[in-house]
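# Architecture and fold: a report
Take a look at the letters that make up each chain.
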Amino acid sequence: MENALASYNIKKAFISCKGVTLEEGITESTEVQARVKAELLRGAKEIILLADHDKFGTAALATVAPVTAVHKLITDMGTPLEELEKFRRAGVEVVVVSGEQRVVCRQAVE
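A brief structural summary.

Conventions used here
Residues numbered from 1 in each chain as written. Predicted model: local features only at pLDDT ≥ 70, side-chain atom pairs only at ≥ 80, totals over all residues. Heavy atoms only, no water. Core = buried A, V, L, I, M, F, W, Y, C linked by side-chain atoms within 4.5 Å. Buried < 20%, exposed > 50% of the residue type's maximum accessible area, 1.4 Å probe, protein only. Helix = DSSP H or I, 4+ residues; strand = E, 2+ residues; numbered from the N terminus. Contact = heavy atoms within 4.5 Å. Polar contact = N/O pair within 3.5 Å; in protein donor to acceptor, adjacent residues only side chain to side chain. Phe/Tyr/Trp six-rings, centres within 6.5 Å; stacked < 30°, edge-to-face > 60°.

## Brief notes about the nonpolar core
Among the nonpolar cores identified, the biggest contains 25 residues, and Val-20, Ile-26, Leu-41, Leu-49, Val-64, Leu-73 and Phe-87 are the most heavily contacted of them. Elements represented by at least two residues in this core include exactly β1 (10-15), α2 (31-42), β4 (44-50), β5 (62-65), α3 (81-89) and β7 (93-98). Residues in contact with Phe-87, not counting those within four places in the same chain, are Val-20, Leu-49, Phe-56, Val-67, Leu-73, Val-92 and Val-94.

Written out as structure tokens, the structure is:
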């Protein structure tokens, strides 16, 4: 499976995770899941992480990729602001979604 993913031309990869921290990165509960997602991300032009507030501050068994591999994070209003700020400082575009409302927080360009 992993070798087959290397030949895919992926414009946007939307991935979920079991946990995410700035230190451990994007993590999964099994090594197989982590390896497959890591291979998928290698060929992706844009990586979008979908993680609800329960995933932050939690590190699962195996690391998929560092947070800096992500281009955009989509999360919910329950995610602590300090966690969102960590992602922004790492260069990740942060999108917070709540029902019908959508709030976009982008890092300032210096």
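## So, the side chain of Thr-75
By the secondary structure assignment, Thr-75 is in strand β6 (residues 72-76). When its relative accessible area of 4% is taken as the criterion, Thr-75 is described as buried. Within the local environment of Thr-75, its side chain forms a polar contact with the backbone oxygen of Ala-51, the two atoms lying 2.6 Å apart. What Thr-75 contacts, discounting residues up to four positions off in sequence, is Ala-51, Asp-52, His-53, Phe-56, Leu-84, Val-95, Val-96 and Val-97.

## A word on the packing of aromatic side chains
Geometry of an aromatic ring pair is reported as the spacing of the ring centres plus the angle between the planes. Counted according to the given criterion, the structure contains one aromatic pair. Their ring planes at 75 degrees and their centres at 5.7 Å tell us that Phe-56 and Phe-87 sit as a pair that is edge-to-face. Here the residue Phe-56 occupies a position in the loop between β4 and β5, and Phe-87 occupies one in helix α3, the gap between them amounting to 31 residues. Overall, the relative accessible area of 9% leaves Phe-56 in the buried class. Residue class for Phe-87 comes out buried when judged on its relative accessible area of 2%.

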